[in-house]
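Residue-level structure breakdown
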Amino acid sequence: SVDCHPSSTCEFNIPTMLALSSASFVLALLLVAATRTTVEAFSAAAATPGTIPSIIVGGGRIGSLLKDLGTDADVIVKRGETIPSEPPSGPIYVCTRNDVLADVVAATPESRRGDLCFLQNGMLGEFI
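Remember, predicted model here, so these are calculated numbers, not experimental data.

1. What about the environment of Ile62?
You can see Ile62 is positioned in helix α3 (residues 61–69). Residue classification places Ile62 among the partly exposed positions, given a relative accessible area of 28%. For the pair Ile62 and Cys95, spaced 33 residues apart in sequence, the C-alpha to C-alpha distance is 6.3 Å.

In structure tokens form, the structure reads like this:
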């Protein structure tokens, strides 16, 4: 597990990390490395007026982390919900399993599909 706070460094639980698949382990290490240097930057950006809010699809570990590091205006979309019209612009982070990606794209208004940012731990080659 990864524990990150704006006022401290990130910590991770070694036994949990070792139980992950190799792809998940690499993703977790990249996440730890990235968050060590950006937690304070994200927190400062979240407090900055004019920061663009985002839509986060998926309320799991990654989606929750993005919400925690984002702004109060960020929106989390959970399983079965449609992509909201507000905020009208900005990134739509897709933090779901690969088997529901087609459903997420279908639930996204065509005008917003260019805003989709896929954050998966699997291969997207065939999907894209």
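Back to the text.
2. With respect to the sheet that holds strand β3 (residues 55–57)
Strand order in the open sheet made by the four strands is β4-β3-β5-β6, with parallel pairing throughout. Where the open sheet ends on each side, the last strands, each with one partner, are β4 (75–77) and β6 (116–118). Recorded for the sheet is a direction-independent mean angle of 20° between the axes of neighbouring strands. As judged from the three bridges shared by strand β5 (residues 92–94) and β6, these two strands associate in the parallel manner. By the bridge assignment for β6, Val94 is matched with Phe118. Docked against the sheet, α3 engages β3, β4 and β5, running at close to 165° with respect to β3.

3. Description of the pattern of salt bridges
It is possible for side chains bearing opposite charge to pair when their charged atoms get close. By the definition in use, this model includes two salt bridges. Of the charged contacts, one joins Asp99 and Arg97 as a salt bridge, the two residues approaching to 3.1 Å between their closest N and O atoms. Under the relative-accessibility criterion, Arg97 is labelled partly exposed at 44%. For Asp115, the salt bridge identified is with Arg112, shortest N-O distance 2.6 Å. Given the relative accessible area of 26%, Asp115 is considered partly exposed.

4. Some details on the side chain of Arg112
Considering the arrangement of structural elements, one finds Arg112 in the loop between α4 (101–107) and β6. Residue classification places Arg112 among the buried positions, given a relative accessible area of 7%. A distance of 2.8 Å separates a polar atom in the side chain of Arg112 from the backbone oxygen of Gly90. Ignoring anything within four residues of it in the chain, the contact list for Arg112 reads Ile55, Pro87, Pro88, Ser89, Gly90 and Ile92.

5. What to know about the nonpolar core
If you look at soluble globular proteins, the nonpolar side chains tend to sit buried side by side. Membership of the largest hydrophobic core is limited to 10 residues, which are Ile55, Val57, Val77, Ile83, Ile92, Val94, Leu101, Val104, Leu116 and Leu124. Broken down by secondary-structure element, the contributors of at least two residues to this core are β3, β5 and α4. If sequence neighbours within four positions are ignored, Ile83 has contacts with Ile55, Val57, Val77, Ile92, Ala107, Thr108 and Pro109.

Procedures and definitions
Residues numbered from 1 in each chain as written. Predicted model: local features only at pLDDT ≥ 70, side-chain atom pairs only at ≥ 80, totals over all residues. Heavy atoms only, no water. Helix = DSSP H or I, 4+ residues; strand = E, 2+ residues; numbered from the N terminus. Buried < 20%, exposed > 50% of the residue type's maximum accessible area, 1.4 Å probe, protein only. Pairing = 2+ DSSP bridges. Axes fitted to C-alpha atoms, helices over the stretch in contact; angles between N-to-C directions. Contact = heavy atoms within 4.5 Å. Salt bridge = Lys/Arg side-chain N within 4 Å of Asp/Glu carboxyl O. Polar contact = N/O pair within 3.5 Å; in protein donor to acceptor, adjacent residues only side chain to side chain. Core = buried A, V, L, I, M, F, W, Y, C linked by side-chain atoms within 4.5 Å.

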